[in-house]
Amino acid sequence: MKETEKVHDYELGYHITPPKGLLNDPNGLVHYKGVYHVFFQWNQTDTTHQSKSWGHVTTKDFIHWKSHKPALEPVDWYDKDGCYSGSAVVFKEKLYLFYTGNVRGEQGERSSYQCLAVSEDGIHFEKKGPILAFPIKGYTAHVRDSKVWQGEDGNWWMVLGAQKENLTGDVLMYKSTNLVDWTLTGSMLDEPISLGFMWECPDLLKFAEKDVFVFSPQGLEAEGEKYKNIYQTGYFTGRFLENGKFIKDDQPFEEMDHGFEFYAPQTFLDDSGRTILYGWAGVMEPEVEKAVPTIKQGWLHALTSPREVHYKNGQLTQYPLSETIKLREANPITSKNAENEVIHLPSLQQDILIEWNSAAPDFVINLRNELDIHYQAETKKMTVTRTNWKTNAREERTAFLTHELTELRLLVESSLVELFLNKGEEVFTLRYFVDETNHLLNFKYMDKPLEKLMTLYSLRSFQNE
Ligand code: FRU
């Protein structure tokens, strides 16, 4: 969270960013004693992937935010090379943080621990040290990113991203009655699946219709329009059984977000039963990451905006949390017509909604002379094109919608965009870097026009408390 008013190009007003240094995965998302806690992987000193602590911000309404001291610092023998990713649960009024202690030996060899820290106020955390040590038989030392939840019988489950000795990705399950003593039940998969060399940041989302197992596999080869980022995040649907096994449906791995920057998401359930997701709007080829212009200002990366996730009628959807609406300023710009239009955005923080009464025909939205958002109705294909800030090449990502397009929502920031189609049936998250003075949005029908309702709300920045 920024401590001062926005002063530079590319700074973000309503996304969580580090005050300085590098941010990556969201961690420990939890609603505890009426407060939402967001922790994140944070290198406080520079914009490299060294020395990760857990940054910590809290809110009661997703608008007013408080920054806190880091909850976990990598200062003990079992986490000296990083307090890596993990999660949080509430038990008997206390907040339990599970995290990965990353340790490198003299020759750089890796070991990892699952560690526990406990808090009674959500601000001060007492480290309890390791509760599990790795490697274990059949697996390499790449075991990390614990996600803990309570099962239907009251026992606790922990799922961990892992790598098998044959260098394929997997997930391990542990069970506990007291959150301190954990027993291995084995792989969460009833049959092995070959998909990359390491699975990071596993999560299990439970819905009435299905369970959704979300994870971030590394090492998938690009396949046509799929898997074009360096690493992916996606999911399998199925059922998690209370014996610790996930029975996967006969469905392929589905990418969760089709943008250039989305990785390592985590979800939590709030008190009203909503499944809320934050992702890391990052993971780029190392050379592209090193060229991100914000590094000159001493900070790097952001979290996505919070999303409410549903699974209904065979469809996973992610849509901005309803609280985002409270960031809207009064007096939006609206236009209802079938014309091409050029709009001067009153600010670079916009929530733009376009609605059609029937299936949208082909169109292109050009944002700030940089992003092209191109829809082809016949194939229900959405393509987003941007300029790679390292190579200057134009590059694109695509998604195919299940239903005809009738609603498009675009959350715009000065250097980040999140695009939601049909109330979150498909999503694209990406960064872009252009001259701050360019405020143009150009909407153009390619062939036959159709009346649409376009509403542009300026969004306020988060308020610091
Ligand atoms: C995912 C990840 C995790 C790890 C953390 C380290 O982005 O590599 O597997 O715990 O980041 O910062």
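Residues numbered from 1 in each chain as written. Predicted model: local features only at pLDDT ≥ 70, side-chain atom pairs only at ≥ 80, totals over all residues.

Engineer: For this particular structure, what's the right way to read the overall build of the protein?
Structural biologist: Within the protein, the secondary structure is distributed over 1 helix and 35 strands. Relative to the globule expectation of 23 Å for 465 residues, the C-alpha radius of gyration of the protein, 22 Å, shows essentially globular dimensions. Dimensions of the protein along its principal axes, counting C-alpha atoms only, are 65 × 50 × 45 Å. For the protein, the proportion of its 465 residues judged to be buried stands at 45%. Summarising the internal contacts of the protein: among those between residues at least 6 apart in sequence, 56% fall at separations of at least 24. (Helix = DSSP H or I, 4+ residues; strand = E, 2+ residues; numbered from the N terminus. Rg over C-alpha atoms; globule rule 2.2 N^0.38 Å. Buried ≥ 20, exposed ≤ 12 C-beta atoms within 10 Å, placed from the backbone. Contact = placed C-beta atoms within 7 Å.)

Engineer: How should I be thinking about the site of the ligand in this particular structure?
Structural biologist: Among the 13 residues in the neighbourhood of the ligand, the closest are listed as Gln41, Tyr84, Ser85, Glu200 and Ala264. Residue assignment for the shell around the ligand shows that the elements contributing at least two residues are β1 (21–32), β5 (83–91), β9 (139–150), β13 (198–206) and β18 (263–269). By residue class, the composition of the shell around the ligand is 4 nonpolar, 4 polar and 5 charged. (Near = placed C-beta within 6 Å. Nonpolar A, V, L, I, M, F, W, Y, C, P; charged D, E, K, R; others polar.)

Engineer: Which parts of the structure should I look at to understand the UniProt feature "domain: Glycosyl hydrolase family 32 C-terminal" (unreviewed entry) in the protein?
Structural biologist: In the numbering used here, UniProt assigns the feature "domain: Glycosyl hydrolase family 32 C-terminal" (unreviewed entry) to residues 340–438. End C-alpha atoms of residues 340–438 are separated by 19 Å, and the span's content is 0% helix alongside 55% strand. (UniProt positions renumbered as here; feature names shortened; annotations may be inferred.)

Engineer: So what exactly am I meant to see when it comes to the domain arrangement of the protein here?
Structural biologist: How big an interface is tends to be reported as the loss of accessible area on association of its parts. The domain architecture assigned to the protein consists of domain 1 (21–310) and domain 2 (328–460). Of note, the centres of domain 1 and domain 2, computed from C-alpha atoms alone, are 31 Å apart. Tallying the contact residues gives 17 residues for domain 1 and 18 residues for domain 2. Of the residues contributing to the side of domain 1 that touches domain 2, the split by class is 7 nonpolar, 5 polar and 5 charged. (Domains from an automatic or database assignment.)

Engineer: Explain the confidence of the model for the protein here, please?
Structural biologist: Detailed reading of the predicted model is not advised wherever pLDDT is low. Looking at the protein as a whole, the pLDDT averages 96, with 98% of positions reaching at least 70. Among the scores for the predicted complex, ipTM is 0.99 and pTM is 0.97. (pLDDT = per-residue confidence, 0-100.)

Engineer: Sorry if this is basic, but what is going on with the sheet that holds strand β20 (residues 299–300) here?
Structural biologist: Paired through their backbone hydrogen bonds, the strands of a sheet run either parallel or antiparallel. Here we have 6 strands laid out as an open sheet, ordered β20-β1-β2-β3-β4-β35, and mixed in their pairing. In this open sheet, the two edge strands, each paired with only one partner strand, are β20 and β35 (463–464). As paired elements, strand β4 (residues 64–72) and β35 share 2 bridges and run parallel to each other. Its bridge partner lying in β35, Trp65 is registered against Asn464. (Pairing = 2+ DSSP bridges.)

Engineer: I tried to follow the UniProt feature "domain: Glycosyl hydrolase family 32 N-terminal" (unreviewed entry) in the protein on my own but got confused; where do I start?
Structural biologist: Within this numbering scheme, the UniProt entry marks residues 15–320 as carrying the feature "domain: Glycosyl hydrolase family 32 N-terminal" (unreviewed entry). With 2% helix and 54% strand, the stretch residues 15–320 has end C-alpha atoms that lie 12 Å from each other.

Engineer: What is the right way to look at the nonpolar core in this model?
Structural biologist: A general trend in soluble globular proteins is that nonpolar side chains are found buried together. Core analysis: the largest hydrophobic core is formed by 111 residues, its most contacted members being Leu97, Met158, Val417 and Leu419. If one sorts the elements of this core by residue count, strand β10 (residues 156–164) sits on top with 6 residues. Both domains that furnish three or more residues to this core are identified here as domain 1 (21–310) and domain 2 (328–460). Residues within four places of Met158 in sequence aside, it is in contact with Phe98, Ser146, Val148, Tyr174 and Trp182. (Core = buried A, V, L, I, M, F, W, Y, C linked by C-beta atoms within 7 Å.)

Engineer: For this particular structure, what's the right way to read the sheet that holds strand β11 (residues 169–176)?
Structural biologist: Spatially, β9-β10-β11-β12 is the arrangement adopted by the 4 strands of the open sheet, whose pairing is antiparallel. Each edge of the open sheet is held by one strand with a lone partner, namely β9 and β12 (183–187). On average, adjacent strands in this sheet sit at an angle of 25° to one another, irrespective of strand direction. (Axes fitted to C-alpha atoms, helices over the stretch in contact; angles between N-to-C directions.)

Engineer: What is the right way to look at the pairing of strand β34 (residues 452–458) in this model?
Structural biologist: The side chains of a regular strand alternate between the sheet's two faces. With 5 bridges joining them, strand β23 (residues 333–337) and β34 adopt antiparallel strand pairing. Across the sheet, Asn337 pairs through a bridge with Lys452, a residue of β34. Both strand β25 (residues 350–356) and β34 contribute to a ladder of 7 bridges, which runs antiparallel. Counted as the bridge partner of Asp351 is Tyr457 from β34.

Engineer: Sorry if this is basic, but what is going on with unusual backbone geometry here?
Structural biologist: Generally, phi is negative for residues other than glycine and the peptide bonds are trans, each holding for most cases. Following Phe134, the chain continues to Pro135 via a peptide bond in cis, the omega torsion being 15°. Take Pro135: it is sitting in the loop between β8 (126–134) and β9. For His301, which is not a glycine, the phi torsion comes out positive at approximately 80°. Mapped onto the elements, His301 comes out in the loop between β20 and β21 (307–312). The phi angle at Asn422 is positive, at roughly 50°, despite the residue not being glycine. Inspection of the secondary structure puts Asn422 in the loop between β31 (416–421) and β32 (426–431).

Engineer: What is the right way to read the environment of Glu308 from this model?
Structural biologist: Structurally, the position occupied by Glu308 is in strand β21. Through-space distance from the C-alpha of Glu308 to that of Ser322 is 8.1 Å; in sequence the pair is 14 residues apart.

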